[in-house]
Amino acid sequence: MDMKKKLDQAYMPDKNTKAEKMIVGLSGGLDSYVAAYLLKIQKHDLIGITVVTGWDDYPGEQESVLSCVINNDRLTSIKAFCHQVGIPHVIVKINSEFKERVVEPWLADRAMGSYPNPCWHCHDVRMLALYDRANQMGIKKIATGHFAKLFHHDVHNTTFVHSSNDELNDQSAMLSRLPQTLLHSLELPLSDLQKKEVLRLGENFGLSGTSKKIQIHHCLPWDEVAKEYTLKKIPPRFQKPGEMILISDNSTVTEHDGIIPHIYGELVKPKDSVNKEDLYLVDYNYQEKKILVSDDSYFKRNQILLTECIITEETPWLEPIHGGMRVSQDVFVECWIHPKSNAAAFIEWDEKVALKEGEILSVFRKRGKNSKVFLTGKVQFIPEEKVIQVAEGEKKHVKVDYTCDY
């Protein structure tokens with residue numbers, strides 16, 4: 001029996017699910033296929049939409065610089081899937097939006113030596129494109145293959161994002177930055193599943209998605225074509241040579257040819273330097289054209305500010321709250337969250353961990369499955385002279401000095 005016949009014979013007692021059309025985002029990956037398949041089994045009236053990013057004036061092969069690019073082969077696979085399950089398929093191209101909200105911020109980060117967040121920006125612009133197309137079509141519900149959970153609070157008219165049942169593949173942090181209007185419309189068919197269960201369902205359903213591994217934050221590498229393109233786009237004043245300075249003693253390590261080839265946080269290996277330890281790019285002084293470097297201790301912190309925060313609480317909080325911060329897939333630290341302003345929070349924890357200034361992190365109410373995302377923001381380091389010291393024996397969280405402007 002083919003896939004479409006299986007779906008047509010599936011029975012779902014709730015007939016209300018048939019009445020309303022729903023958009024399902026299809027990227028060509030197995031997660032989106034399984035999500036669509038499950039919804040089809042439940043008799044939802046689906047329309048598959050694929051958001052395709054474009055980069056009109058890039059001269060090279062886009063697959064070499066964008067790990068999540070949807071090429072013609074993947075589009076053919078998506079169309080074949082939609083034909084199998086009997087749903088229409090729509091392609092939405094977002095060339096200008098992608099360039100404005102992903103490529104240009106990346107170029108600006110290159111020029112200023114800042115930490116780039118292309119994957120966060122790309123995710124946001126794709127989801128907003130999906131939402132905009134749904135509105136144009138008069139459709140109120142959107143479904144995706146994200147691993148996360150959503151809970152709707154009717155009194156406050158707020159949708160809260162919680163972690164999924166799969167900590168390793170959890171995507172709740174990225175969803176937590178989306179506007180409430182979009183979250184209200186979102187359905188997550190994989191919310192109670194783990195990746196291994198999705199793989200098993202895909203095998204049972206006879207589905208196969210793209211096998212390409214997306215490398216998070218590894219888009220836009222510094223190859224020859226990207227280099228030529230970048231140097232044409234960034235004004236010459238940002239490309240001037242200067243000194244590479246060790247911040248611990250303000251000594252000159254070597255000379256550099258410009259900040260553009262470098263990315264914040266990368267390991268730098270000056271050829272003519274007598275310094276034998278590993279040094280990393282930690283800052284760039286545009287006025288003096290100095291690249292500042294340090295050993296890896298510079299990144300190890302236990303106090304930061306999170307700025308540009310998206311706070312999910314329905315009411316403001318005035319006292320420190322205990323929570324946890326996922327630093328990476330395998331590093332989770334318990335922390336205290338102090339209110340600082342409407343869009344910032346002071347975060348502190350016990351043992352120092354390595355962070356990058358400018359990266360986006362989320363703070364959860366607790367560790368583990370089904371944990372509420374409390375806030376998501378951008379890391380800002382606190383200058384050493386303003387780090388709050390806690391005497392031995394004092395309580396583990398400190399009272400924030402609100403007169404101290406970080």
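Since this is a predicted model, take the numbers as computed values, not measurements. (Residues numbered from 1 in each chain as written. Predicted model: local features only at pLDDT ≥ 70, side-chain atom pairs only at ≥ 80, totals over all residues. Heavy atoms only, no water.)

S.K.: Can you walk me through unusual backbone geometry in this structure?
M.R.: Negative phi characterises most residues that are not glycine, and trans characterises most peptide bonds. Notably, lysine 43 is not glycine yet its phi reads approximately 70°, a positive angle. Tracing the sequence through the fold places lysine 43 in the loop between α3 (30-41) and β2 (45-52). Given a relative accessible area of 21%, lysine 43 falls into the partly exposed group. Here asparagine 250, not a glycine, exhibits a phi torsion of approximately 60°, which is positive. With respect to the element layout, asparagine 250 can be found in the loop between β8 (242-246) and β9 (251-256). (Helix = DSSP H or I, 4+ residues; strand = E, 2+ residues; numbered from the N terminus. Buried < 20%, exposed > 50% of the residue type's maximum accessible area, 1.4 Å probe, protein only.)

S.K.: Is there a simple way to think about the nonpolar core in this case?
M.R.: Nonpolar side chains in soluble globular proteins tend to be buried together. If you look at the biggest cluster of nonpolar residues, it comprises 42 residues, and the most contacted ones within it are Trp55, Leu66 and Leu186. Broken down by secondary-structure element, the contributors of at least two residues to this core are β2, α5 (95-112), α6 (118-136), α8 (180-185) and α10 (224-233). The greatest single-element share of this core, amounting to seven residues, is contributed by α6. Beyond its immediate stretch of four places on either side in the chain, leucine 186 contacts Met127, Ile142, Thr144, Leu150 and Leu175. Core analysis: the next-biggest nonpolar cluster, separate from the first, contains 41 residues, Tyr284, Cys309, Val333 and Val379 among them. (Core = buried A, V, L, I, M, F, W, Y, C linked by side-chain atoms within 4.5 Å. Contact = heavy atoms within 4.5 Å.)

S.K.: Explanation requested: the packing of aromatic side chains in the structure shown.
M.R.: Aromatic ring pairs: the centre-centre distance and the angle between the two ring planes describe each pair. Enumeration over the complete set of coordinates arrives at eight aromatic pairs. Cluster of aromatic residues (ring-pair linked, three or more members): Tyr115, Tyr264, Tyr280, Tyr298, Phe299 and Phe381. The lysine or arginine in question, arginine 301, covers the ring of phenylalanine 381, its NZ or CZ lying 4.0 Å from the ring centre. (Phe/Tyr/Trp six-rings, centres within 6.5 Å; stacked < 30°, edge-to-face > 60°. Lys NZ or Arg CZ within 6 Å of the ring centre and 35° of its normal.)

S.K.: Help me understand the side chain of threonine 53 in this model?
M.R.: The residue threonine 53 is located in the loop between β2 and α4 (72-85) in this model. Residue threonine 53 is classed as buried on the basis of its relative accessible area, which comes to 6%. If we ignore the near neighbours within four places in the chain, the residues touching threonine 53 are Gln62, Ile94, Asn95, Phe98 and Arg126.

S.K.: Would you mind showing me how to read the packing of α5 against α6 here?
M.R.: Packing of α5 against α6 brings their axes to within 9 Å, and their N-to-C directions diverge by 170°. Regarding the angle of α5 to α6, the classification is roughly antiparallel. Between α5 and α6, the residues in contact are Glu97, Phe98, Arg101, Val102 and Pro105 and Pro118, His121, Cys122, Asp124, Val125 and Leu128, respectively. Class assignment of the residues belonging to the contact of α5 with α6 gives a composition of seven nonpolar, one polar and three charged. (Axes fitted to C-alpha atoms, helices over the stretch in contact; angles between N-to-C directions. Parallel < 35°, antiparallel > 145°, perpendicular 65-115°, else oblique. Nonpolar A, V, L, I, M, F, W, Y, C, P; charged D, E, K, R; others polar.)

S.K.: Help me understand the pattern of salt bridges, please; the structure alone is not making it clear to me.
M.R.: Any two side chains of opposite charge can pair, on the condition that their charged atoms come close. A complete count under the given rule lists nine salt bridges for this structure. Of the charged contacts in the structure, one is a salt bridge between aspartate 124 and arginine 177, with a shortest N-O distance of 3.5 Å. Here the residue aspartate 124 occupies a position in helix α6, and arginine 177 occupies one in the loop between α7 (172-175) and α8, the gap between them amounting to 53 residues. (Salt bridge = Lys/Arg side-chain N within 4 Å of Asp/Glu carboxyl O.)

S.K.: Can you walk me through the environment of valine 69 in this structure?
M.R.: Note that valine 69 resides in the loop between β2 and α4. Residue valine 69 is classed as buried on the basis of its relative accessible area, which comes to 7%. For valine 69 and threonine 53, which are 16 residues apart along the polypeptide, the C-alpha to C-alpha distance reads 6.9 Å.

S.K.: Sorry if this is basic, but what is going on with the confidence of the model for the chain here?
M.R.: Detailed reading of the predicted coordinates is not advisable wherever pLDDT is low. In the predicted model, the chain carries a mean pLDDT of 84, and 83% of its residues have values of at least 70. Within the model, pLDDT remains below 50 along residues 391-400, and this stretch shows 15 contacts once partners closer than five positions in the same chain are excluded. Note on residues 402-406: pLDDT is under 50 here. Beyond four places in sequence and across chains, it has 13 contacts. (pLDDT = per-residue confidence, 0-100.)

S.K.: Which parts of the structure should I look at to understand the sheet that holds strand β12 (residues 290-294)?
M.R.: Hydrogen bonds between backbone atoms are what pair the strands of a sheet, whose relative direction is either parallel or antiparallel. Here we have five strands laid out as an open sheet, ordered β9-β8-β12-β11-β10, and mixed in their pairing. Either end of the sheet is taken by a strand with one partner, and the two such strands are β9 and β10 (267-268). With three bridges joining them, β8 and β12 adopt parallel strand pairing. Looking at β12, one finds that methionine 244 is bridged to isoleucine 291. (Pairing = 2+ DSSP bridges.)

S.K.: What's the story with the sheet that holds strand β1 (residues 21-25) in this structure? I'm lost.
M.R.: The parallel open sheet is built from five strands, whose spatial order is β3-β2-β1-β4-β7. Looking at which strands have only one partner, the edges of the open sheet turn out to be β3 (89-93) and β7 (186-187). The pairing of β1 with β2 spans five bridges and is parallel. Each residue of the ladder has a partner; that of valine 24, found in β2, is glycine 48. Packed on one face of the sheet, α3 meets β1, β2 and β4 (141-143) and runs near 160° to β1.

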